[in-house]
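# Structure at a glance
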Amino acid sequence: MLIIELKKGRSEIGGEEMSQADGHVQDFLESGAIEGTPMFRAFVGGHGFSAKTAAEKVIREDDVVRGRVQATTYHQLTRTANKRLFRLKERIPARDEDVSGVDLSTKVMQIASQVSLDLANPQS
């Protein structure tokens, strides 16, 4: 499971921020709501991190690695995402490139659509 926790701009990641993400992973593990033994990857994104803060923390349960919490910068996150998407954003023509975010959101929200729900024949 992937958890990305973004801190406010120009924030520095310290021990408290890493512990907060660790707490989120621990909450999931202790909740019993997830079947099986999922592996958690949590990234804490900020402008930078404190020199006293470990960049990565491993979460173990009964000597089994159940998760990792990793401090990362906004720049590292966006660069990695761009590489993993094979620069997809650059290769897809943007048909609404000249439309502002607010105008595009309004345009999309005005399109009425609803998926039909057939309760008589549920699919397995």
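Above this text sits the structure in question.
Residues numbered from 1 in each chain as written. Predicted model: local features only at pLDDT ≥ 70, side-chain atom pairs only at ≥ 80, totals over all residues. Heavy atoms only, no water.

## Some remarks on the side chain of Glu-5
Within the secondary structure, Glu-5 is located in strand 1 (residues 2-6). Its relative accessible area of 11% is what places Glu-5 among the buried residues. Setting aside chain neighbours within four positions, we find Glu-5 in contact with Glu-17, Gln-20, Ala-21, His-24, Phe-43, Val-44 and Gly-45. (Helix = DSSP H or I, 4+ residues; strand = E, 2+ residues; numbered from the N terminus. Buried < 20%, exposed > 50% of the residue type's maximum accessible area, 1.4 Å probe, protein only. Contact = heavy atoms within 4.5 Å.)

## Description of the sheet that holds strand 3 (residues 40-46)
In a beta sheet, neighbouring strands pair by backbone hydrogen bonds and run either parallel or antiparallel. One open sheet holds the four strands; their spatial order is 1-3-6-5, and the pairing between them is mixed. The two strands at the open ends of the sheet, each matched to only one other strand, are strand 1 and strand 5 (56-61). The mean angle between the axes of side-by-side strands here comes to 15 degrees, regardless of whether they run parallel or antiparallel. Bridging between strand 3 and strand 6 (residues 64-73) involves seven bridges; their strand directions are parallel. Considered in strand 6, the bridge of Val-44 is made with Ala-71. Against the sheet, helix 2 (residues 74-84) engages strand 1, strand 3 and strand 6, with an angle of about 110 degrees to strand 6. (Pairing = 2+ DSSP bridges. Axes fitted to C-alpha atoms, helices over the stretch in contact; angles between N-to-C directions.)

## Some points on the packing of aromatic side chains
Scanning the entire structure with this criterion turns up one aromatic pair. Aromatic pair Phe-28 and Phe-40: ring centres 5.7 Å apart, planes at 25 degrees, arrangement stacked. Of the two residues, Phe-28 sits in helix 1 (residues 15-31) while Phe-40 sits in strand 3, which places them twelve residues apart along the sequence. (Phe/Tyr/Trp six-rings, centres within 6.5 Å; stacked < 30°, edge-to-face > 60°.)

## Focus: unusual backbone geometry
The backbone phi angle of Arg-10 is positive, close to 60 degrees, even though this residue is not glycine. Positionally, Arg-10 belongs in the loop between strand 1 and strand 2 (12-13). Taking the relative accessible area as the measure of exposure, Arg-10 reaches 67% and is therefore exposed.

## Focus on the environment of Gly-15
With respect to the helices, strands and loops of the structure, Gly-15 is situated in helix 1. Classification of Gly-15 as partly exposed rests on a relative accessible area of 42%. C-alpha separation for the pair Gly-15 and Ala-55, spaced 40 residues apart in sequence, amounts to 9.8 Å.

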